[in-house]
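Coordinate inspection notes
Below are the chains, spelled out letter by letter.
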Amino acid sequence: MKATPLPRRGFTLLELLVSLSVVAILIALAIPVIAASRNSAWDAVSMSNLRSHAQASSQYASDHADYYMYFMKPEFSSTLLVEEIDLQYGPALFFWNYTLWHLKLASPYYGYSYDHDIFHDPSQNFERRPWYPFSTSYSFPCAFLGRPEFWDLKTRLEGPSQLTGTRTAEVRFPSNKSLFVKTWPYEVTAASETLGEHARLTAAFADGSSSHAPLQDRIKGVRMGEGVTHVPEGSYHHDDWPPLLHTTDGVHGRDRR
């Protein structure tokens, strides 16, 4: 007796649409979880980078009579020379120390090249800013590049006399004085007061710790930044931006409550 073949059965259009809808829902539910995990991992890497920079800065100060790093003279005609790489970029602005500090420290204090991933926030996907490929995601506050009296508009003098190095012993509030600040890619958005109470600033502090500083806990810095009258000496910021870089009273002051 010849067997009767069973009828072939496939998905109906309705079943296919239902299956696709279920898959889409599962993907939609998974994306926020994956994004949160990715952001958490990036955040952990950035915090680790900041602590490494604070440690390297402390080692530099130990090797240089307790002075924090600064490499350019406060005069517009100075030229930035970096022996470790083929770079002669001049004239260099004095306050460019805030974003070029790693060019000198990379090789002797990290054993890395200046373009190593440790100098860049991982959320950038390790892309470099196209208009200045030597900069870093982590800024060294301008407050360390001038005397405390420079960071008070009542005592600020014209000319380079107050633009000089500062020492670790001069930091009066090490747990509340930012030493390195993640200013890229969030330097614009983090500066906005419209972000609300959940906005935060990421920094390493002079005591070697790193944490998120809630925006509402930030103490505003000198409103004119380095000021427009100091352009010949290399002023770069003309207001209190990015946050945590222009501390009132400089290393004598604090950046958060």
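Treat the numbers as computed from the prediction; the structure is a model and nothing was measured.

A word on a nonpolar patch on the surface. A cluster of nonpolar side chains, contributed by Leu 14, Val 18, Val 22 and Leu 26, occupies part of the molecular surface with about 380 Å² of accessible area. Within the fold, Leu 14 resides in helix 1 (residues 13-63). On the basis of relative accessibility, which here comes to 62%, the residue Leu 14 falls in the exposed class.

To continue, consider the packing of aromatic side chains. Taken as a whole, this structure holds 12 aromatic pairs when the rule is applied. Here Trp 101 and Phe 119 contribute two aromatic rings whose centre-to-centre distance is 5.9 Å and whose plane-to-plane angle is 80°, an arrangement assigned as edge-to-face. Here Trp 101, found in the loop between helix 2 (97-100) and helix 3 (102-110), pairs with Phe 119, found in the loop between helix 3 and strand 3 (138-139); they are 18 residues apart in sequence, far enough to count as distant. Taking relative accessible area as the criterion, Phe 119 reaches 0% and is therefore assigned buried. Here the aromatic residues Tyr 68, Trp 101, Tyr 110, Phe 119, Phe 140, Phe 144 and Phe 180 are joined through ring pairs into a cluster of three or more.

What follows is about the pairing of strand 5 (residues 200-205). When you tally the buried positions in strand 5, you get five out of six residues, the bulk of the element. For strand 4 (residues 178-182) and strand 5, the ladder comprises three bridges, and the chain directions are antiparallel. Counterpart to Phe 180 in the pairing with strand 5 is Ala 204. Bridge count between strand 5 and strand 6 (residues 210-214): five bridges; the pairing is antiparallel. Within strand 6, the position partnered with Leu 201 by the bridge is Ala 213. The turn linking strand 5 back onto strand 6 is made up of four residues, and Gly 208 within it adopts a positive phi angle of 95°.

Residue position: Asp 115 is located in the loop between helix 3 and strand 3. Using a relative accessible area of 36% as the deciding quantity, one classes Asp 115 as partly exposed. With 19 residues separating them along the chain, Asp 115 and Phe 134 place their C-alpha atoms 7.0 Å apart. Side-chain polar atoms of Asp 115 contact the side chain of Ser 113, separated by 2.6 Å.

In this structure, the amide linkage connecting Trp 241 to the following residue, Pro 242, adopts the cis form with an omega of -10°. Summarising the element assignment, Pro 242 is placed in the segment after strand 6. Although it is not a glycine, Ala 65 adopts a positive phi angle of roughly 55°. Following the sequence through the fold, Ala 65 ends up in the loop between helix 1 and strand 1 (80-82). If you check the backbone angles, Leu 244 has positive phi at about 75° while not being a glycine. Taking the relative accessible area as the measure of exposure, Leu 244 reaches 4% and is therefore buried.

Reading guide: rules and limits
Just so you know, the residues in each chain are numbered from 1, in the order the chain's sequence is written. This being a predicted model, a pLDDT of at least 70 is required before a residue's local features are given, and a value of 80 or more before pairs of side-chain atoms are given or counted; all residues contribute to the totals for chains, interfaces and linings. As a rule here, side-chain values come from all non-hydrogen atoms in the structure, and water together with hydrogens is ignored. Patch members must show over 30% relative accessible area and no salt bridge, and they are joined within 9 Å when carrying like charges or within 5 Å when they are nonpolar side chains of Val, Leu, Ile, Met, Phe, Trp or Tyr. For the accessible areas, the method is Shrake-Rupley and the probe is 1.4 Å, while residue cover comes only from the protein chains on display. Any Lys or Arg side-chain nitrogen located within 4 Å of an Asp or Glu carboxyl oxygen qualifies as a salt bridge. Each helix is a run of H or I in the DSSP string that is no shorter than four residues. Each strand is a run of E no shorter than two, and both are numbered from the N terminus. Exposure categories follow from relative accessible area, calculated using a 1.4 Å probe and restricted to protein chains: below 20% of the type maximum is buried, above 50% is exposed, and the middle band is partly exposed. Each Phe, Tyr or Trp ring (for Trp, its six-membered ring) is paired with any other whose centre lies within 6.5 Å, and the angle between the two planes then decides the class: stacked below 30 degrees, edge-to-face above 60, tilted in between. Strand pairing is defined by DSSP finding a minimum of two bridges between the two strands. Pairs of N or O atoms are called polar contacts if they sit within 3.5 Å, as long as, within protein, a hydrogen donor faces a hydrogen acceptor (for residues adjacent in sequence, only side-chain-to-side-chain pairs).

Take it as geometry only, folks, not as evidence of what the structure does.
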